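What follows is the residue order along each chain.
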Amino acid sequence: MDDSILLAHGSGGKLSHELVEKKFLPFLANPALNKLDDSAIFEASGRLAFTTDGYVVNPIFFPGGDIGKLAVCGTVNDLAMNGAKPLYLSLSAIIEEGFLLSELERIVQSIKKAVEEAEVSIIAGDTKVVNRGQADKLFLTTSGVGIISPGVDISGANARAGDKVLLSGTIGDHGIAIMSQREGLKFSMTLKSDCAPLNKLVSQMLDISSRIHCMRDPTRGGLATTLNELARQSKVGIVVEEAKIPVKEEVKAACELLGLDPIYVANEGKLVAIVDPADADKILARMRKNRYGRDAAIIGEVTKEHPGKVIMKTKLGPSRIVDMLSGELLPRIC
Amino acid sequence: MKFIDEYQDSKLARGLARKIAQRSTKTIRVMEFCGGHTHAILRYGIRQLVPKTVEMKSGPGCPVCVTATADLDKAIALAHLPDVIITTFGDMIRVPGSYSSLQKAKAEGADVRIVYSTTDAVEIAKANPVKSVIFIGIGFETTAPTIAASILKAQQEKIENFYVLSLNKLTPPVMKALLDSGEVKLDGIVCPGHVSVIIGSHPYEFIPRDYGVACVISGFEPLDILLCIDKLVEQIEKGEPKVEIAYPRGVKPEGNRKARQLMEDIFKIGEANWRGIGIVPQSGLKIRKKYEQFDADKAFSVSLRPPREPKGCRCGDVIRGAATPLECKLFGKACTPESPVGPCMVSSEGACAAYYQYGIPENLQDF
């Protein structure tokens, strides 16, 4: 039988040390982490960005990723969305008693792959074990520090009338991939989550233009919620064209079946950028050269009119309001 | 053919809209019965595409919305019984009853679980043999066959702790009730697509015959709906109302025989209590005596305080098509999707939620 996590793994004693030394350190080793001091010490100067996020996804393994990859990419992307170059991450794991060590190892290996791809280091960590039923298998929290180059000023409040709205690729892949695995809703499809670190895509965009005003990754709540947040924060209107928003056939089909609108479905490897119109085409061209921006498109523009509101020209031509997601995404009944 | 983009083609849609405009000379009023249609119409902006001569009203076809407050109160009371697990479709848990909601009951410690299908509820019953698992059976002819199938499955597998609170409703009888009341004068009905997949087109035949109202069954894609409106306008202009199928890839005149047989085996027809409409004879499905061991109404008794409707809420009028969401003073102010007062703002198939989410068609011309 597979070994599993015992409450003693969280006691702070021998087993706790073993857990860290055998299951985490071999994969995540770096000079700052290896010291195992109470805090990690690093040097940095300039403007820093700092963020934190908790990950409680269910199921923890899904097509195209797992909770570990998600925890790294999510925090890396949050830093990148402010134009920061992510440097260091912390990782805190809350593990449910009985969780299989083999599954934990798979997740730590996936964390390792993600930090290598994103070129960041995990320099601080913590593990806790809780009684069975007090957590759902595994909860992860990552915090991250990044550095912002001089001259970069990206904020959700910076959109201006006339700016173009860019989207880095197809929407809804992550949400539908997760939903296809959920208990009670299982359907088989080849679709994978888009979970990916976007920091390199962002740095390539910043290399080519200093006139990127806003960036945000449309995670929970989807594209619709992100566009609404940006419109409200910048006190501008946004008009997007439904026909220009890239959506994979599988996502379209699943959404039709379930009665969902892809613009509300979660993404984990996409970004929305609001940029100066003069630079929009060259930023788009650069994005398309990156594998995570291959399907990038200009989907709309920022207007003076209707501040705080997002309007969509539907595929048929007429316009409608796009509101934020309210409540949970639920499949239709009839 | 991928069966999605083809039905959302903007050139074809504009062509159809032009055809409708050319054909339409009389001012007419049509009602889409189904909440799924209401959402598609507002999501794609179809009201802005059709000519001003065609007035479109939303009807009662939202399973959550038509559930009577008294029935919802009963579901909430059942949730508070010891050793009971309530299983329900998601939207139901947020609808306010007279004094509470399933969501509040859950927060107070009741075991309320969202399922996506009735077979999941049966599985929960299997996994929890010492608990009583009650499925809140809402919906129209669409959900009824699956609920019937779950009762049959429970019987075959000898699962003795599975129950259904049968609140299922039938479409043609309530259409008759609406037409009989004469409150909203209609020239045509956009008949529900998924319901008709099950019941076929024959059950609507009394509508053109007895009431002179045109009936066209529609799918849920924008082109389906425009084609349906075109056929409705054609019938009304010619003065030849009849039942037509504008959704032939989903609906056969005889419907789905197997599904109907299953419904008939498990359910008998009885009266049902509709929010905003009241008791409508022959419009509900009750569990037959043979299967009464699965009938939550027989197995449990709860005492209920008299139901009360939220003050100022016009969901009842909206459901009948007698008022638009905008005519409700609470709309968008006291009643929003975040803190809904009535069910039409909660459900993903409710008219108020559609108006709130997609914007008010009458005001969108400015954008």
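Residues numbered from 1 in each chain as written. Chains lettered and ligands numbered in written order. Predicted model: local features only at pLDDT ≥ 70, side-chain atom pairs only at ≥ 80, totals over all residues.

**Quick look at the environment of Glu256 of chain A**
Residue and element names in this part refer to chain A.
Okay, so step 1: When you line up the elements, Glu256 lands in helix 8 (residues 249-258).
Okay, so step 2: Assessed through the 15 C-beta atoms surrounding it within 10 Å, Glu256 is described here as partly exposed.
Okay, so step 3: Along the backbone, Glu256 and Ala285 are 29 residues apart, and their C-alpha atoms lie at a distance of 31 Å. (Helix = DSSP H or I, 4+ residues; strand = E, 2+ residues; numbered from the N terminus. Buried ≥ 20, exposed ≤ 12 C-beta atoms within 10 Å, placed from the backbone.)

**A few points about the interface of chain A and chain B**
Okay, so step 1: On the chain B side, the residues contacting the 26 residues of chain A number 38 residues.
Okay, so step 2: Of all elements in the fold, only helix 8 and strand 13 (319-322) of chain A reach the threshold of two or more residues within the side of chain A that touches chain B.
Okay, so step 3: Here the element with the most residues in the side of chain A that touches chain B is helix 8 of chain A; it accounts for four residues.
Okay, so step 4: Residues belonging to the side of chain A that touches chain B are distributed by class as follows: 10 nonpolar, eight polar and eight charged. (Contact = placed C-beta atoms within 7 Å. Nonpolar A, V, L, I, M, F, W, Y, C, P; charged D, E, K, R; others polar.)

**Observations regarding the domain arrangement of chain B**
Residue and element names in this part refer to chain B.
Okay, so step 1: Under the domain assignment used here, chain B contains domain 1 (5-58 + 171-245), domain 2 (69-170 + 256-299) and domain 3 (315-360).
Okay, so step 2: One C-alpha centre belongs to domain 1, the other to domain 2; they are set 31 Å apart.
Okay, so step 3: For the side of domain 1 that touches domain 2, the elements supplying multiple residues, two or more each, are helix 8 (171-181) and helix 9 (193-199).
Okay, so step 4: Across the side of domain 1 that touches domain 2, the residue classes break down as eight nonpolar, two polar and no charged. (Domains from an automatic or database assignment.)

**Considerations on unusual backbone geometry**
Okay, so step 1: Omega for the peptide link from Asn58 of chain A to Pro59 of chain A comes to 0°, which places this bond in the cis form.
Okay, so step 2: You will see that Lys137 of chain A, though not glycine, has its phi angle at about 65°, which is positive.
Okay, so step 3: Within the element layout of this structure, Lys137 of chain A appears in the loop between strand 5 (121-130) and strand 6 (138-148).
Okay, so step 4: With a phi close to 55°, Lys158 of chain B is a non-glycine residue in the positive phi region.

**Thoughts on the domain arrangement of chain A**
Frequently, the measure chosen for interface size is the accessible area that the parts lose on association.
All names here are of chain A.
Okay, so step 1: In terms of domains, chain A is made up of domain 1 (7-148) and domain 2 (164-322).
Okay, so step 2: Taking only C-alpha atoms into account, the centre of domain 1 sits 27 Å from that of domain 2.
Okay, so step 3: The interface is formed by 20 residues belonging to domain 1 together with 21 residues belonging to domain 2.
Okay, so step 4: Breaking the side of domain 1 that touches domain 2 down by element, the ones donating at least two residues are helix 3 (67-80), strand 4 (84-96) and helix 4 (101-118).
Okay, so step 5: Classifying every residue of the side of domain 1 that touches domain 2 by side-chain character gives 12 nonpolar, five polar and three charged.

**Some thoughts on the packing of helix 6 (residues 118-127) of chain B against helix 7 (residues 144-156) of chain B**
Residues and elements named next belong to chain B.
Okay, so step 1: Where helix 6 contacts helix 7, the two axes come as close as 8 Å, and the packing angle between them is 25°. One way to sum up the angle between helix 6 and helix 7 is to call them roughly parallel. Between helix 6 and helix 7 lies a crossing whose hand is right-handed. Facing Thr118, Thr119, Ala121, Val122 and Ala125 of helix 6, the residues of helix 7 in contact are Thr146, Ile147, Ser150, Lys153 and Ala154.
Okay, so step 2: The residue makeup of the contact of helix 6 with helix 7, split by class, is five nonpolar, four polar and one charged. (Axes fitted to C-alpha atoms, helices over the stretch in contact; angles between N-to-C directions. Parallel < 35°, antiparallel > 145°, perpendicular 65-115°, else oblique. Left-handed = near helix turned anticlockwise from the far one by under 90°.)

**What about helix 8 of chain A?**
Structural remark: α-helix, 3.6 residues per turn; residues separated by three or four positions point the same way.
Residues and elements named next belong to chain A.
Okay, so step 1: Considered for burial, the residues of helix 8 that qualify are Val251, Ala254 and Cys255. The buried residues of helix 8 all sit within an arc of 100° when viewed along its axis, so they share a single face. Helix 8 presents Glu249 and Leu257 as exposed residues on the side facing more than 90 degrees away from its buried surface.
Okay, so step 2: For helix 8, the secondary structure elements touched by its buried residues are helix 5 (173-179).
Okay, so step 3: Among the residues trailing helix 8, Gly259 stands out with phi positive, at a value near 75°. (Arc of directions from axis to C-beta.)

**Points about the pairing of strand 8 (residues 212-216) of chain A**
Residue and element names in this part refer to chain A.
Okay, so step 1: Most of strand 8 sits inside the fold, with five of its five residues counted as buried.
Okay, so step 2: Alignment of strand 8 against strand 10 (residues 272-275), held across four bridges, turns out to be antiparallel. Residue Arg216 lies in a different strand from strand 10, and its bridge partner there is Val272. (Pairing = 2+ DSSP bridges.)

**Describing the sheet that holds strand 5 (residues 132-137) of chain B**
All names here are of chain B.
Okay, so step 1: Strand order across the open sheet formed by four strands is 4-3-5-6, with parallel pairing between neighbours. Because the sheet does not close on itself, it has two edges, and the strands there are strand 4 (111-114) and strand 6 (162-166). For this sheet, the mean angle separating the axes of adjacent strands, direction not counted, is 25°.
Okay, so step 2: Where strand 5 and strand 6 come together, five bridges link them in parallel fashion. Bridging across to strand 6, Val133 finds its partner in Phe162.
Okay, so step 3: The strands touched by helix 6 within the sheet are strand 3 (84-88), strand 4, strand 5 and strand 6, with strand 5 carrying the most contacts at an inclination of about 170°.

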